[in-house]
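Residues per chain are reported as follows:
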Amino acid sequence: VGPKAARAVVQRAGTEPVLLALLGKLEYEALRSLPALQQPGRPIGVLLRDPEAVEQLNLIDTVLPGRRRVGVVTSPQADVLLRELTAAALAWPGRHPGRSGRPWAIASAEAPDANSLTAALQSVLPACDALLVLPDAIGSNPASALALLQAAAAANQPVFATSDAMVRAGALAALVPPTAQLAEQAHELAMRLKRAPPGPPVVEAPKRLAVRTNPHVAQRLG
């Protein structure tokens, strides 16, 4: 469970199946270059804790129908998250033919440090209908997340996130995998790994997600 345990276990010799649970997407990306994952000699499963980008777009479209301009401020290490979000936006019309409407527009800016966060937000907020907080170094840093929420509130922009804490702090809504459902999914994946041959890691995002909302923020935004 977690990135430190994952790194320690996959580098340990052995042939027994291994399930790496509750990794963030960026945490898994940091492990992918390990030889034990490049050429695994055992069945390996990876259960991520972050929802897929398409689910995030689905939430925004459900809460704010027709609003298709999404703003993101990312850390330099979050390129993979931004690429996934862009790909999900491009694939949206084919996956949701009855809800296609206008195409998604992703406005993004990079904030390599705390001093550049304000400038990045100033460039993104005027170009979006909603701000999406990605699970990267900015979204997981309390000070940066609070600065982001305050800037969005001043601009009267809704914020979508991936944690209960962000919703309590002022985000409008978030997709959160319930712990019990993650445990069930981990069990199901572990049972499959017991029968699987060695090969590329089987990576799964949370299959069941709960929507958390902040009614006070919703009321303020109208």
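This is a predicted model, so every value here is computed, not measured. (Residues numbered from 1 in each chain as written. Predicted model: local features only at pLDDT ≥ 70, side-chain atom pairs only at ≥ 80, totals over all residues. Heavy atoms only, no water.)

Draft legend 1. Representation of empty space enclosed by the protein in the model. Taken as a whole and judged by the stated rule, the model has two cavities of 30 Å³ or more. Empty space within the largest cavity amounts to approximately 100 Å³. If you go around the largest cavity, the residues you meet are Lys-25, Pro-51, Glu-52, Ala-53, Gln-56, Leu-81, Glu-84, Leu-85, Leu-132, Leu-134, Pro-135 and Thr-162. Elements supplying a minimum of two residues to the lining of the largest cavity: helix H4 (53-63) and helix H5 (79-95). Counting residues per element, the lining of the largest cavity draws most heavily on H5, at three residues. Class assignment of the residues belonging to the lining of the largest cavity gives a composition of seven nonpolar, two polar and three charged. The computed volume of the second largest cavity comes to approximately 40 Å³. In terms of lining residues, the second largest cavity is bounded by Leu-149, Ala-152, Ala-153, Gln-157, Pro-158, Val-159, Gly-170, Val-217, Arg-220 and Leu-221. Counting residues per element, the ones that place at least two in the lining of the second largest cavity are helix H7 (142-154) and helix H10 (215-221). When its residues are assigned to classes, the lining of the second largest cavity shows seven nonpolar, two polar and one charged. (1 Å grid on protein atoms, 1.4 Å probe; cavity = no way out; pocket = protein on both sides within 12 Å on 5 of 7 lines; lining within 4 Å. Points joined across faces, edges and corners; volume = space filled by probe spheres on them. Helix = DSSP H or I, 4+ residues; strand = E, 2+ residues; numbered from the N terminus. Nonpolar A, V, L, I, M, F, W, Y, C, P; charged D, E, K, R; others polar.)

Draft legend 2. The sheet that holds strand E3 (residues 69-74), seen in detail. Taken together, the six strands give an open sheet; going across it, the order is E4-E3-E5-E6-E7-E9, and neighbouring strands pair in mixed fashion. Edge positions in the open sheet fall to strand E4 (105-110) and strand E9 (210-213), since each of these has one partner strand only. For this sheet, the mean inter-axis angle between neighbouring strands, taken without regard to orientation, is 25°. Two elements, E3 and E4, share six bridges in a ladder whose sense is parallel. Following the sheet pairing, Gly-71 is matched in E4 by Ala-107. (Pairing = 2+ DSSP bridges. Axes fitted to C-alpha atoms, helices over the stretch in contact; angles between N-to-C directions.)

Draft legend 3. Structural context of the pairing of strand E7 (residues 173-176). The side-chain alternation of E7 yields two buried faces, one formed by Ala-173 and Leu-175 and the other by Ala-174 and Val-176. Here strand E6 (residues 159-161) pairs with E7 via two bridges, running parallel. By the bridge assignment for E7, Ala-161 is matched with Ala-174. Since E6 and E7 lie parallel, the crossover through helix H8 (residues 164-169) that links them has a hand, and here it is right-handed. Across four bridges, the pairing between E7 and E9 is antiparallel. (Buried < 20%, exposed > 50% of the residue type's maximum accessible area, 1.4 Å probe, protein only. Right-handed = clockwise from strand over helix to strand, strands pointing away.)

Draft legend 4. Representation of the nonpolar core. Among the nonpolar cores identified, the biggest contains 25 residues, and Leu-57, Val-70, Val-72, Leu-85, Trp-104, Leu-132 and Phe-160 are the most heavily contacted of them. With six residues, H5 is the largest single contributor of residues to this core. Setting aside residues no more than four positions away along its own chain, Val-70 makes contact with Leu-57, Ile-60, Trp-104, Ala-105, Ile-106, Ala-107, Cys-128, Ala-130 and Leu-132. Grouped together as the second largest cluster of nonpolar side chains are 23 residues, Ala-111, Cys-128, Leu-131 and Ala-161 included. (Core = buried A, V, L, I, M, F, W, Y, C linked by side-chain atoms within 4.5 Å. Contact = heavy atoms within 4.5 Å.)

Draft legend 5. Focus on the packing of aromatic side chains. Tallied over the entire structure, the rule returns one aromatic pair. Plain terms: the ring middles of Trp-92 and Trp-104 are 5.5 Å apart, the flat faces sit at 80° to each other, and that makes the pair edge-to-face. Here Trp-92, found in helix H5, pairs with Trp-104, found in the loop between H5 and E4; they are twelve residues apart in sequence, far enough to count as distant. An identical accessibility class is assigned to Trp-92 and Trp-104; each is buried. (Phe/Tyr/Trp six-rings, centres within 6.5 Å; stacked < 30°, edge-to-face > 60°.)

Draft legend 6. Region of interest: the side chain of Asp-129. Among the structural elements, Asp-129 can be located in the loop between helix H6 (117-124) and strand E5 (130-132). Once you skip the residues sitting within four places of it in the chain, Asp-129 turns out to touch Leu-64, Arg-67, Arg-68, Arg-69, Arg-102, Gln-157 and Pro-158.

Read these as spatial facts, not as claims about activity.
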